[in-house]
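# Survey of secondary and tertiary structure
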Amino acid sequence: MPEFKTVIGFDFGSKYIGVAVGQTSPSLAQPLTSLTVKKGELPWKEIEQLLQIWSPEVLVVGIPLNMDGSEQPITHSARDFLIELKNRFQLPVFSVDERLTTVEARSRLFAVGGYKALKKKSIDSLAAQLIVEMWLENR
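What comes next is a walk through the structure. (Residues numbered from 1 in each chain as written. Predicted model: local features only at pLDDT ≥ 70, side-chain atom pairs only at ≥ 80, totals over all residues. Heavy atoms only, no water.)

## Quick word on the pairing of strand β5 (residues 93–97)
Stated precisely, the cut-off is as follows: Paired strands, as defined in this entry, are two strands with at least two bridges between them according to DSSP. Counting from the N terminus, the helices are DSSP H or I runs at least four residues long and the strands are E runs at least two residues long. A crossover counts as right-handed when, viewed with the strands pointing away from the observer, the path leading from the first strand over the helix to the second turns clockwise.
Taken together, the five bridges between strand β4 (residues 58–63) and β5 define a ladder with parallel strand orientation. Paired with Leu59 across the two strands is Val93, which belongs to β5. Since β4 and β5 lie parallel, the crossover through helix α2 (residues 73–89) that links them has a hand, and here it is right-handed.

## Description of the packing of helix α1 (residues 44–54) against α2
The geometry of a pair of packed helices is captured by two quantities: the angle between their axes and the separation between those axes. The line we're drawing: To get an axis, fit a line to the C-alpha atoms, keeping to the stretch in contact for a helix; angles then go from 0 to 180 degrees between the N-to-C directions. In these notes the angle categories are as follows: under 35 degrees is roughly parallel, over 145 is roughly antiparallel, 65 to 115 is roughly perpendicular, and the rest is oblique. By convention the crossing between two helices is left-handed if the near helix lies anticlockwise of the far one by an angle smaller than a right angle, and right-handed if it lies clockwise. In this description, contact between two residues means that some pair of their heavy atoms is separated by no more than 4.5 Å. Polar here means any residue outside two lists: the nonpolar Ala, Val, Leu, Ile, Met, Phe, Trp, Tyr, Cys and Pro, and the charged Asp, Glu, Lys and Arg; Gly therefore counts as polar.
Where α1 meets α2, the closest approach of the two axes is 12 Å, and the angle between their N-to-C directions is 60°. Of the possible angle classes, the one that applies to α1 and α2 is oblique. In this structure, α1 crosses over α2, and the sense of that crossing is right-handed. The residues of α2 that touch α1, namely those facing Trp44, Ile47, Glu48 and Leu51, are Phe81, Glu84, Leu85, Arg88 and Phe89. Tallied by class, residues from the contact of α1 with α2 come to six nonpolar, no polar and three charged.

## Focus: the pattern of salt bridges
What counts, and what does not: When a carboxyl oxygen of Asp or Glu is within 4 Å of a side-chain nitrogen of Lys or Arg, the pair counts as a salt bridge. Burial classification: accessible surface area is computed with a 1.4 Å probe over protein chains only, and a residue below 20% of its type maximum counts as buried, one above 50% as exposed, and the rest as partly exposed.
Applying the stated criterion across every chain yields a total of two salt bridges. A salt bridge links Glu71 to Arg79, with the nearest nitrogen and oxygen atoms 2.7 Å apart. The class of Arg79 is partly exposed, set by a relative accessible area of 33%.

## Quick look at the sheet that holds strand β1 (residues 6–11)
One open sheet holds the five strands; their spatial order is β3-β2-β1-β4-β5, and the pairing between them is mixed. On the outer flanks of this sheet lie β3 (27–36) and β5, each paired with one strand and no other. Direction aside, the axes of adjacent strands within the sheet are offset by 25° on average. As paired strands, β1 and β4 are joined by four bridges and run parallel to one another. When the sheet's bridge partners are listed, Phe10 is paired in β4 with Val61. The strands that α1 touches are β1, β2 (16–24), β3 and β4; relative to β3, the one it contacts most, it runs at about 150°. Contacts between α2 and the sheet are confined to β1, β2, β4 and β5, with β4 contributing the most and set at about 170° to the helix.

So far we have only geometry, and geometry alone does not tell us how the molecule works.
Here is the structure:
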């Protein structure tokens, strides 16, 4: 019987953090929510609440890179977020190259609901879903 794990994924941003949940068997993911970063303060209380609700065994953070693989300023912030998740919650945390997840999220939302579907919070949580799906496929 396959090992079952719950996975929470994060699409880190300076204003919003998209969140998705997934499981390893069967390999599925779904968007959960988008958390607001207020005045540079990360929403640790809300993250802790989500972790208590979903009891994940694994966390995944998308690391934003330029198309050529080089880093950008937000890359360092996403890595710091990953380290802080590890330190605060004592769970395994993995990184995923998240290039083009936002583009793919926008494309999927537009295909379903046109321009009206392109809400920032929906984009971020769907990008988090894509991050979880990539981790599930490549683990």
